[in-house]
Amino acid sequence: MFGLSELAVVLIVVAVVVAARKLPELTRSAGRSARILKSEARAMKDEERTPPGEPAAPRIIQGETVDRGDAGTGGTPRG
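Residues numbered from 1 in each chain as written. Predicted model: local features only at pLDDT ≥ 70, side-chain atom pairs only at ≥ 80, totals over all residues. Heavy atoms only, no water.

(A) Spotlight on the overall build of the protein. A tally of regular secondary structure across the protein gives 2 helices and 0 strands. Across the 79 residues that make up the protein, the buried fraction comes to 1%. Carbon together with sulfur atoms contributes 62% to the accessible area of the protein, which is approximately 7800 Å² in total. (Helix = DSSP H or I, 4+ residues; strand = E, 2+ residues; numbered from the N terminus. Buried < 20%, exposed > 50% of the residue type's maximum accessible area, 1.4 Å probe, protein only. Areas by Shrake-Rupley, 256 points an atom, 1.4 Å probe, with all protein chains shown as cover.)

(B) Structural detail: the environment of Gly-63. You can see Gly-63 is positioned in the segment after helix 2 (23–49). When the C-alpha atoms of Gly-63 and Arg-35 are compared, they prove to be 9.2 Å apart, with 28 residues separating the residues in sequence.

(C) Just a nonpolar patch on the surface, in detail. Nonpolar side chains collect at one region of the surface, where Phe-2, Leu-4, Leu-7 and Leu-11 lie side by side and expose about 500 Å² of accessible area between them. Among the structural elements, Phe-2 can be located in the segment before helix 1 (4–19). (Patch = residues over 30% accessible without salt bridge, like charges linked within 9 Å, V, L, I, M, F, W, Y side chains within 5 Å. Salt bridge = Lys/Arg side-chain N within 4 Å of Asp/Glu carboxyl O.)

Written out as structure tokens, the structure reads:
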């Protein structure tokens, strides 16, 4: 029979083969999340440095917009 280590290797190989198509999307998403987390941590540090009586400067978070098109309507206009 298979031992625990052989079973783990087989499961990892199956997971990589199944998820290979989504891997670039997952890594992009992880990178975006890391950038957002980093900018939020930096903003929190900046807020700690400002004196309590002074108003804080507005925060600007860099990002990107995604045009989803008419995916929800099926491409046909309603009216």
